[in-house]
Amino acid sequence: MSKSEQKVADNKVKVDIYVPLNVCACQWEKFMNLVFQVLMEYNKYIKFETKNLDSEEARKLNLRGNSVVIDGKEIVSSSFALKRKLPEILKQKGLI
């Protein structure tokens, strides 16, 4: 692995996708599809995980609906906001 590849691996942006996993997927699948369209463009720079919106972790973050949490602090609730915010964060980290 080259130094630049190692930097990317060490510096990946953590993306948590919160949806209500205990309800029918039909209620959140459109949101997930839109989010994944944005994430796939930056797939090698991020590490993502899907989490339950009805969890203690989501309550601590004060999430009220389908949300994406970037690096544990930046919260966006639409794919449009994610498309705008994610490149900014990746540039700040020197990944793109």
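Residues numbered from 1 in each chain as written. Predicted model: local features only at pLDDT ≥ 70, side-chain atom pairs only at ≥ 80, totals over all residues. Heavy atoms only, no water.

Caption draft 1: Main features of the packing of helix α2 (residues 29–41) against helix α4 (residues 79–92). Closest axis-to-axis distance for the α2/α4 pair is 9 Å, and the angle between their directions is 15°. Accordingly, the angle class assigned to the pair α2 and α4 is roughly parallel. Viewed along their axes, α2 and α4 form a crossing whose handedness is right-handed. On α4, the residues touching Leu-34, Val-35, Val-38, Leu-39 and Glu-41 of α2 are Ser-79, Leu-82, Lys-83 and Leu-86. Of the residues that constitute the contact of α2 with α4, the class distribution is six nonpolar, one polar and two charged. (Axes fitted to C-alpha atoms, helices over the stretch in contact; angles between N-to-C directions. Helix = DSSP H or I, 4+ residues; strand = E, 2+ residues; numbered from the N terminus. Parallel < 35°, antiparallel > 145°, perpendicular 65-115°, else oblique. Left-handed = near helix turned anticlockwise from the far one by under 90°. Contact = heavy atoms within 4.5 Å. Nonpolar A, V, L, I, M, F, W, Y, C, P; charged D, E, K, R; others polar.)

Caption draft 2: Layout of the packing of aromatic side chains. A full pass over the atoms with the stated rule returns one aromatic pair. Between the aromatic rings of Phe-36 and Phe-48, the centroid separation amounts to 5.2 Å while the plane-to-plane angle is 70°, which identifies the pairing as edge-to-face. In this pair, Phe-36 sits in helix α2 while Phe-48 sits in strand β2 (residues 46–52), placing the two residues 12 residues apart along the sequence. Given a relative accessible area of 23%, Phe-36 falls into the partly exposed group. (Phe/Tyr/Trp six-rings, centres within 6.5 Å; stacked < 30°, edge-to-face > 60°. Buried < 20%, exposed > 50% of the residue type's maximum accessible area, 1.4 Å probe, protein only.)

Caption draft 3: Representation of α4 within the structure. Taking 1.5 Å as the rise per residue, α4 with 14 residues should run 20 Å; its terminal C-alpha atoms sit 20 Å apart, in good agreement. Among the residues of α4, Ser-79, Ala-81, Leu-82, Leu-86, Pro-87, Ile-89 and Leu-90 are the ones counted as buried. (Expected span 1.5 Å × (residues − 1).)

Caption draft 4: Fine view of the sheet that holds β2. With mixed pairing, the four strands of this open sheet are ordered in space as β2-β1-β3-β4. Of all strands in the sheet, those bounded by a partner on one side alone are β2 and β4 (74–76). Neighbour-to-neighbour, the strand axes of this sheet turn through a mean angle of 20°, independent of strand direction. Taken together, the seven bridges between strand β1 (residues 13–19) and β2 define a ladder with parallel strand orientation. Within the sheet, the bridge partner assigned to Tyr-18 lies in β2 and is Lys-51. Of the strands in this sheet, β1, β2 and β3 (67–70) touch α2, which is tilted by about 170° from β1. (Pairing = 2+ DSSP bridges.)

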